[in-house]
Amino acid sequence: MEIDTLILEGKGLEEISDKQGLQYRYKLWCGKVRICMEETGLSEKEQKKVGVKMHYVDNGYSEDDAVIAIKRSLGDTIQALEESLLISEDKMDRQRELLLIEKILENFYMYHRAMYHDPVNRRGTLTPDALNAIQIGNEYDLQRMLYAILLPIFPTIRQEVYHDNGYGGMRADIYLDLYDLIIETKCTRESMSEKQLIEEMGADSFHYRADTVYFFICDKNRVIKNPEAFKKAFAREKKKDGKTVKVFVLQAKDL
C-alpha cells in the first residue's frame, strides 16, 4: 500500500467517535503504516519521527479524552506522513533527473554523430564541410556542447562556477545547484598519458565538495586502455564515501 493511500485511510478514521472502534482501527492502521514505511525505503530517521507521532496516552477514566488523544496522534501522524511523502517524492525526482543526465552522457556520441556526421538534407543550408569543421579540440569545446544540450532541460544549470573547498578555490565546469551536481569535462591530448589523466581526476574528485560529481571524458587519443576498469576505479557511493562519483568515457571510435 502506498503512503498517500494510507493518508486517505487515516483521514477516514477521524469520523469514528467511539473509543473501542477508533482504538482498534487506529492500531491496525498504525501497523500498515509501519510496514509501508519499511517497504518504501523511508529513512530510519523519518520512520522514527512517524513512530513517535503514533504514540498516545490512553486515559482509562474518560472515553472522550481517550478519543481526543487518539485523534490528536492520528492528525500528527498524518502530517508527518505527508512531510515524508514530499521528501520521498523529492528524492524520486532527483533520482529520475540524475538518471536522465547520465543517459545524456552515456549517449552523447549519438548526438555528435547525428549532428555532425550523418548525411545532410540537400534542401537544407548546412553543408557537410561546415559541420565537419566543428570538432572537439579540447575540454572547453566539449563543455560548450554538453552545456548546450543540458540547458533546455535544466535552465538553472551554470558553467564555470566557483567552489570553495576550504583551502583554495576550484571552478566546476558545469554545475546544477538544484542537485548539488558537478560535471567535470576532460579531453585527452597527444602529450597526455593515462597516468596524468588519473592524477588530474584524483585531485578533482577529492577536492570537490559537491554531493555528486560526474566526469565526462573525451578520450580522443585513446589513452585509456580499459575504459570499463577505468570507470570502476573512480566510482564512489554516497553512503560509503560521502559523495557519488561516476565516470563517462567517450572514445575516438564513438565520434
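Look up: the structure comes first, before these words.
None of the values given here were measured: they were computed from a predicted structure.

Draft legend 1. Local environment of the pattern of salt bridges. For the structure shown, the criterion picks out eleven salt bridges. Its salt-bridge partner being Lys 11, residue Glu 82 comes within 3.3 Å of it at the nearest N-O pair. Of this pair, Glu 82 sits in helix α4 (residues 63-106) while Lys 11 sits in helix α1 (residues 3-13), and the two are 71 residues apart along the sequence. When its relative accessible area of 32% is taken as the criterion, Glu 82 is described as partly exposed. Between Glu 200 and Arg 189 there is a salt bridge, and its shortest N-O distance comes to 3.8 Å. Here the residue Glu 200 occupies a position in helix α8 (residues 194-207), and Arg 189 occupies one in the loop between β3 (181-187) and α8, the gap between them amounting to eleven residues. Taking relative accessible area as the criterion, Arg 189 reaches 39% and is therefore assigned partly exposed. Residues participating in the shared-partner salt-bridge network are Lys 186, Arg 189 and Glu 200.

Draft legend 2. Structural detail: helix α7 (residues 139-150). Given a rise of 1.5 Å per residue, twelve residues ought to cover 16 Å, and the 16 Å separating the end C-alpha atoms of α7 matches this to within 8%. Those residues of α7 that sit buried are Leu 142, Gln 143, Met 145, Leu 146, Tyr 147 and Leu 150. At the N-terminal boundary of α7, the capping side chain belongs to Asn 138, with an oxygen 3.0 Å from the backbone nitrogen of Tyr 140.

Draft legend 3. Representation of the pairing of β3 in the model. Most of β3 sits inside the fold, with seven of its seven residues counted as buried. Because side chains alternate across β3, one face comprises the buried residues Leu 181, Ile 183, Thr 185 and Cys 187, and the other comprises Ile 182, Glu 184 and Lys 186, equally buried. In terms of handedness, the path from β3 via α8 over to strand β4 (residues 212-219) forms a crossover that is right-handed.

Draft legend 4. Focus on the packing of aromatic side chains. Per the stated rule, a full pass over the model turns up seven aromatic pairs. Ring geometry for Tyr 26 versus Trp 29: centroids 6.0 Å apart, planes at 25°, classification stacked. Residue Tyr 26 and its partner Trp 29 are located together in helix α2 (residues 19-39), separated by three residues, close to a single helical turn. Here Phe 108 and Phe 216 contribute two aromatic rings whose centre-to-centre distance is 5.3 Å and whose plane-to-plane angle is 70°, an arrangement assigned as edge-to-face. In this pair, Phe 108 sits in helix α5 (residues 108-116) while Phe 216 sits in strand β4, placing the two residues 108 residues apart along the sequence. Here Phe 108 matches Phe 216 in class, with each residue buried. Aromatic rings pair up to connect Phe 108, Tyr 111, Tyr 116 and Phe 216 into one cluster.

Draft legend 5. Unusual backbone geometry, seen in detail. Even without being a glycine, Glu 160 presents a positive backbone phi close to 50°. Of note, Glu 160 is situated in strand β1 (residues 158-164). The phi dihedral of Arg 222 is positive, around 55°, even though this residue is not glycine. Residue placement: Arg 222 occurs in the loop between β4 and α9 (227-234). Taking the relative accessible area as the measure of exposure, Arg 222 reaches 45% and is therefore partly exposed.

Cut-offs applied
- Residues numbered from 1 in each chain as written.
- Predicted model: local features only at pLDDT ≥ 70, side-chain atom pairs only at ≥ 80, totals over all residues.
- Heavy atoms only, no water.
- Salt bridge = Lys/Arg side-chain N within 4 Å of Asp/Glu carboxyl O.
- Helix = DSSP H or I, 4+ residues; strand = E, 2+ residues; numbered from the N terminus.
- Buried < 20%, exposed > 50% of the residue type's maximum accessible area, 1.4 Å probe, protein only.
- Expected span 1.5 Å × (residues − 1).
- Polar contact = N/O pair within 3.5 Å; in protein donor to acceptor, adjacent residues only side chain to side chain.
- Right-handed = clockwise from strand over helix to strand, strands pointing away.
- Phe/Tyr/Trp six-rings, centres within 6.5 Å; stacked < 30°, edge-to-face > 60°.

Take it as geometry only, folks, not as evidence of what the structure does.
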